[in-house]
Amino acid sequence: MFSRRSVLIVGVILVIAVNLVFLSVTSTRHSSFGPGRIVLTLISPFQSGVTHTIHFFRSIWGHYFNLVNVSKKNQELQQQLRLTLEKNHALKEVELTNTRLRSLLNFKEGVARKVLPAEVVGMDPSPWFRSIMIDKGYQHGIRKGLPVVVSEGVAGQVTDVAHRYAKVLLIIDQNSSMDALVQRTRARGIVSGGEEQNCLFRYVLRKEDVKIGDTVVSSGLDGVFPKGLRVGEVSGVVKRSAGIFQEVMVAPYADFEKLEEVLVIMNPSVVNFSKEQ
Amino acid sequence: MTYLFYAIISLGILVWQTAVQPQMPFFRWMYDLLVSITIYLGLYRPAREGLPVVFCLGFAMDNFSAAPFGLYITSYLWIFAGIKWLMTFLDVRGSLLLYFVTAAGILIQNFLSLATAVAGGSDLPLPEGFTRGLFIQFCWALVIGPLFLMAFRWIHEHFEKWWMDRMAEKNGYPTLGKSK
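Residues numbered from 1 in each chain as written. Chains lettered and ligands numbered in written order. Predicted model: local features only at pLDDT ≥ 70, side-chain atom pairs only at ≥ 80, totals over all residues. Heavy atoms only, no water.

S.K.: Hey, could you go over the overall build of chain A for me, with residue numbers and the actual values?
M.R.: Helix and strand content of chain A: four helices and twelve strands. Sorting the 277 residues of chain A into buried and exposed places 38% on the buried side. Just so you have it, chain A exposes about 16,700 Å², and 60% of that area is on carbon and sulfur atoms. (Helix = DSSP H or I, 4+ residues; strand = E, 2+ residues; numbered from the N terminus. Buried < 20%, exposed > 50% of the residue type's maximum accessible area, 1.4 Å probe, protein only. Areas by Shrake-Rupley, 256 points an atom, 1.4 Å probe, with all protein chains shown as cover.)

S.K.: For the sheet that holds strand 9 (residues 215-218) of chain A, give the residues involved together with the corresponding values.
M.R.: Residues and elements named next belong to chain A. With antiparallel pairing, the six strands of this closed barrel are ordered in space as 6-7-8-11-10-9. Ignoring which end each strand starts from, the neighbouring axes of this sheet average 40° apart. Bridge count for strand 6 (residues 177-182) against strand 7 (residues 188-193) is five bridges, and the pairing is antiparallel. In the strand pairing of strand 7, Leu181 is matched with Arg188. (Pairing = 2+ DSSP bridges. Axes fitted to C-alpha atoms, helices over the stretch in contact; angles between N-to-C directions.)

S.K.: Describe the sheet that holds strand 2 (residues 131-134) of chain A, with residues and values.
M.R.: The strands that make up a sheet are held in pairs by hydrogen bonds between backbone atoms, and each pair lies either parallel or antiparallel. Read once around its circumference, the closed barrel built from six strands follows the order 1-2-5-4-3-12 (chain A), with strand pairing classed as antiparallel. The sheet shows a mean angle of 45° between the axes of neighbouring strands, taken without regard to direction.

S.K.: Before we move on, can you summarise the nonpolar core with the specific residues and values?
M.R.: Core analysis: the largest hydrophobic core is formed by 62 residues, its most contacted members being B:Tyr31, B:Leu34, B:Ile37, B:Ile39, B:Leu41, B:Leu43 and B:Tyr76. For this core, the secondary-structure elements that each account for two or more residues are helix 2 (34-65) of chain A together with helix 1 (2-20), helix 2 (33-44), helix 3 (47-64), helix 4 (71-87), helix 5 (98-119) and helix 6 (128-171) of chain B. It is helix 2 of chain B that contributes the most residues to this core, nine residues altogether. Built from parts of two domains, this core gets at least three residues from each of domain 1 (34-104) and domain 2 (114-271) of chain A. When sequence neighbours within four positions are dropped, the list of residues in contact with B:Leu43 reads B:Ile83, B:Met87, B:Val92, B:Arg93, B:Leu98 and B:Leu149. Core analysis: the next-biggest nonpolar cluster, separate from the first, contains 44 residues, A:Leu146, A:Val148, A:Val234 and A:Val248 among them. (Core = buried A, V, L, I, M, F, W, Y, C linked by side-chain atoms within 4.5 Å. Domains from an automatic or database assignment. Contact = heavy atoms within 4.5 Å.)

S.K.: Outline the interface of chain A and chain B, supporting the account with residue identities and numerical values.
M.R.: Tallying the contact residues gives 51 residues for chain A and 47 residues for chain B. Surface buried jointly by chain A and chain B totals about 3,900 Å² across both partners, of which 65% is contributed by carbon and sulfur atoms. Summed over the three residues of chain A that lose the most area to chain B, namely A:Leu23, A:Pro125 and A:Trp128, the buried surface amounts to 18% of that side. Our enumeration of links across chain A and chain B arrives at zero salt bridges. Counting every contact that joins chain A to chain B gives eight residue pairs in polar contact (both at pLDDT 80 or more). Every element with two or more residues in the side of chain A that touches chain B is listed here: helix 1 (4-26), helix 2, strand 1 (115-123), strand 2, strand 5 (166-170) and strand 8 (199-205) of chain A. The leading source of residues in the side of chain A that touches chain B is helix 2 of chain A, at 13 residues. (Buried area = accessible area lost by both parts, 1.4 Å probe. Salt bridge = Lys/Arg side-chain N within 4 Å of Asp/Glu carboxyl O. Polar contact = N/O pair within 3.5 Å; in protein donor to acceptor, adjacent residues only side chain to side chain.)

S.K.: I'd like a rundown of the packing of aromatic side chains, residues and numbers included.
M.R.: The geometry of an aromatic ring pair comes down to the distance between the two centres and the angle between the two planes. Residues and elements named next belong to chain B. Applying the stated criterion to the full structure yields 18 aromatic pairs over all chains. Each ring, one from Phe26 and one from Trp140, has its centre 5.6 Å from the other, and the planes form 85°; the classification is edge-to-face. With Phe26 in the loop between helix 1 and helix 2 and Trp140 in helix 6, this pair connects stretches of sequence that are 114 residues apart. Under the relative-accessibility criterion, Trp140 is labelled buried at 17%. Ring centres of Phe59 and Phe69 lie 5.8 Å apart, and the angle between their planes is 85°; on these two criteria the pair is classed as edge-to-face. Linking Phe59 in helix 3 with Phe69 in the loop between helix 3 and helix 4, this pair joins segments that are ten residues apart in sequence. Classification of Phe59 as buried rests on a relative accessible area of 16%. One aromatic cluster is present, formed by Tyr3, Phe5, Tyr6, Phe159, Trp162 and Trp163 through successive ring pairs. (Phe/Tyr/Trp six-rings, centres within 6.5 Å; stacked < 30°, edge-to-face > 60°.)

S.K.: Talk me through the pattern of salt bridges; I want residue IDs and the actual numbers.
M.R.: Once their charged atoms are close, side chains differing in charge can pair, the charge on each being opposite to the other. All names here are of chain A. Evaluation of the coordinates by the stated rule reveals ten salt bridges over all chains. One salt bridge in this structure joins Asp179 and Arg188, with 2.7 Å as the shortest N-O distance. Among the salt bridges present, the one from Asp214 reaches Arg184, with a minimum N-O distance of 2.9 Å. Here Asp214, found in the loop between strand 8 and strand 9, pairs with Arg184, found in the loop between strand 6 and strand 7; they are 30 residues apart in sequence, far enough to count as distant. Members of the salt-bridge network, linked through shared partners, are Arg184, Asp209 and Asp214.

Honestly, that's just the spatial picture; any functional story needs more than this.
Structure (structure tokens):
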């Protein structure tokens, strides 16, 4: 009834369709299968070795060839340190006031965050996806879903863990999402990966006041990131004539091109909705 | 022994792509070099030898990337199958078409990534950098793709010859190099 050729064409189309359906299903999940962890365990030591070698040679360059700039830099840092100390004293006063006011309002005391430093040993091989490999895993207490930060702000979250290594999905990846707030106006939305090294701040109502330069912080409502972590700065706002949301672009504080060390928050102390329900 | 060769080469490329290349801005848009291995296997090696290697390469890459699981496995398998199908009616190994084979493989891989994003319900518009990135990858593939294929072939042949010689020496037979 049908020629062999048409059966073949239909078969190929079917296989392509099944392939795409499979990929669209797996795109909603960020964890590899059991054997995948073996791959991470086997290959990551080589990544780690190469990365350490590169860092070693870089540090030689930094130590022996940049000495000329050290003296000048030292003076600048001394100046910055003085300013920072002054600011620190002022902040201590604010902290004490904050503690007094919190106790007056009967607020729970903030839990000190336990963090684990980790070194970046590898990056995503694809230019379209953004993840990193870190040199800490199950053995060090890392588990899936833990938030990862750098001194500048949020970096991402752990999506896959092997014995001594883990994979971290960066917030600039198109599959990443986190609940966030504009610090100044408390406008809420979802930060997800955008183009290049930027993020999009989605589902922010048109009526909300968002301006370029505003700081975006985590809201703590996504069950992953603790409240108040710095995410980025608003770099663009577009209010179209139609629609209930505005388009907000966010430039992350973390420089993802130069990630070398990160901190994994081991006790994120976020709201656990499932338990509360 | 052949599989050891593939394992060493693939490990080297994987470490290069994940640990060295990201630190060099010049190579930011370099194409996935494992596509070259896949094409080499499709062009020069039998399917029963190439298929398990292609699958393992895809599996390893899927575990190192934030891409949807299976994207690399399927893209490598499609490229491999495409090359094998192409070889049934057109031998590109000794012609100028060799220049375009890697570039075509890169196009297949990138369009599969895009199709996955669209099928997965991504509401991102076509990324601004996508066409530019694709173009740069395409150019890289045109320029160095054939060189890689020739290099793999040369290294593989020499590696096998070296191994045969070692085995022959060990068993007391004349070696390939000395038999001339």
